[in-house]
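# Breakdown of the fold
The residues making up each chain are set out below.
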Amino acid sequence: MKDESIDLEPRYSTSNIPGRCLKCLAEEELNKCLLGLLSIEGDDKELVRRFETLISFLKSPESQKLRDESEYYLSEGRQVSVRIYFVDGEPKYELKISE
């Protein structure tokens, strides 16, 4: 079973647009989740799952590997996105590279 995924698109900074690395994007999403969890009453299971997914990603050894790979492809001028999701309770990470 594949649950909702989190898509992150790191970018290099240019003179007009500030970039974000993969770790920064994941931490930014994590902070949004935390603020959402603190501001709601009750239990938002989807927000909790998203928060836990991001924590899992940031703590995983795969995170550094994906950061290195995404930086490499970005340096070549390619577009990169990383999809984070769970399949049968196991975290999965998918790197997509386009021209």
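The text that follows walks through the structure, step by step, so that each part is easy to find.

Glancing now at the packing of helix H1 (residues 22–39) against helix H2 (residues 45–59). Relative orientation of the contacting elements H1 and H2 amounts to 150°, with a least axis distance of 9 Å. Here H1 lies roughly antiparallel to H2, going by the angle between them. Like other packed secondary-structure pairs, H1 and H2 cross with a definite hand, here left-handed. Together, Leu-22, Lys-23, Ala-26, Glu-27, Glu-29, Leu-30, Cys-33, Leu-34, Gly-36 and Leu-37 of H1 and Leu-47, Val-48, Arg-50, Phe-51, Leu-54, Ile-55, Phe-57 and Leu-58 of H2 make up the contact between the two elements. Residues belonging to the contact of H1 with H2 are distributed by class as follows: 13 nonpolar, one polar and four charged.

So, about the environment of Glu-27. Within the secondary structure, Glu-27 is located in helix H1. For the pair Glu-27 and Leu-54, spaced 27 residues apart in the sequence, the C-alpha separation amounts to 7.8 Å.

Time to look at helix H3 (residues 61–75). End to end, H3 covers 22 Å across 15 residues, agreeing with the expected 21 Å (1.5 Å per residue, within 8%). Ser-63, Leu-66, Ser-70 and Leu-74 are the residues of H3 that are buried. An end-on view of H3 places all buried positions within 65° of arc, on one side of the element. Of the surrounding secondary structure, the elements contacted by the buried residues of H3 are H1, H2, strand S2 (79–87) and strand S3 (90–98).

This paragraph deals with the nonpolar core. Leu-8, Leu-22, Leu-54, Phe-57, Leu-66 and Ile-84 are the most contacted members of the largest nonpolar core, which totals 14 residues. Where this core is concerned, the elements lending two or more residues are strand S1 (6–8), H1, H2 and S2. Ranked by residues supplied to this core, first place goes to H1 with five residues. When residues no more than four places from it in sequence are discounted, the contact partners of Leu-22 are Leu-8, Pro-10, Phe-57, Leu-66, Arg-67, Ser-70 and Val-82.

About the thresholds
- Residues numbered from 1 in each chain as written.
- Predicted model: local features only at pLDDT ≥ 70, side-chain atom pairs only at ≥ 80, totals over all residues.
- Heavy atoms only, no water.
- Axes fitted to C-alpha atoms, helices over the stretch in contact; angles between N-to-C directions.
- Helix = DSSP H or I, 4+ residues; strand = E, 2+ residues; numbered from the N terminus.
- Parallel < 35°, antiparallel > 145°, perpendicular 65-115°, else oblique.
- Left-handed = near helix turned anticlockwise from the far one by under 90°.
- Contact = heavy atoms within 4.5 Å.
- Nonpolar A, V, L, I, M, F, W, Y, C, P; charged D, E, K, R; others polar.
- Expected span 1.5 Å × (residues − 1).
- Buried < 20%, exposed > 50% of the residue type's maximum accessible area, 1.4 Å probe, protein only.
- Arc of directions from axis to C-beta.
- Core = buried A, V, L, I, M, F, W, Y, C linked by side-chain atoms within 4.5 Å.

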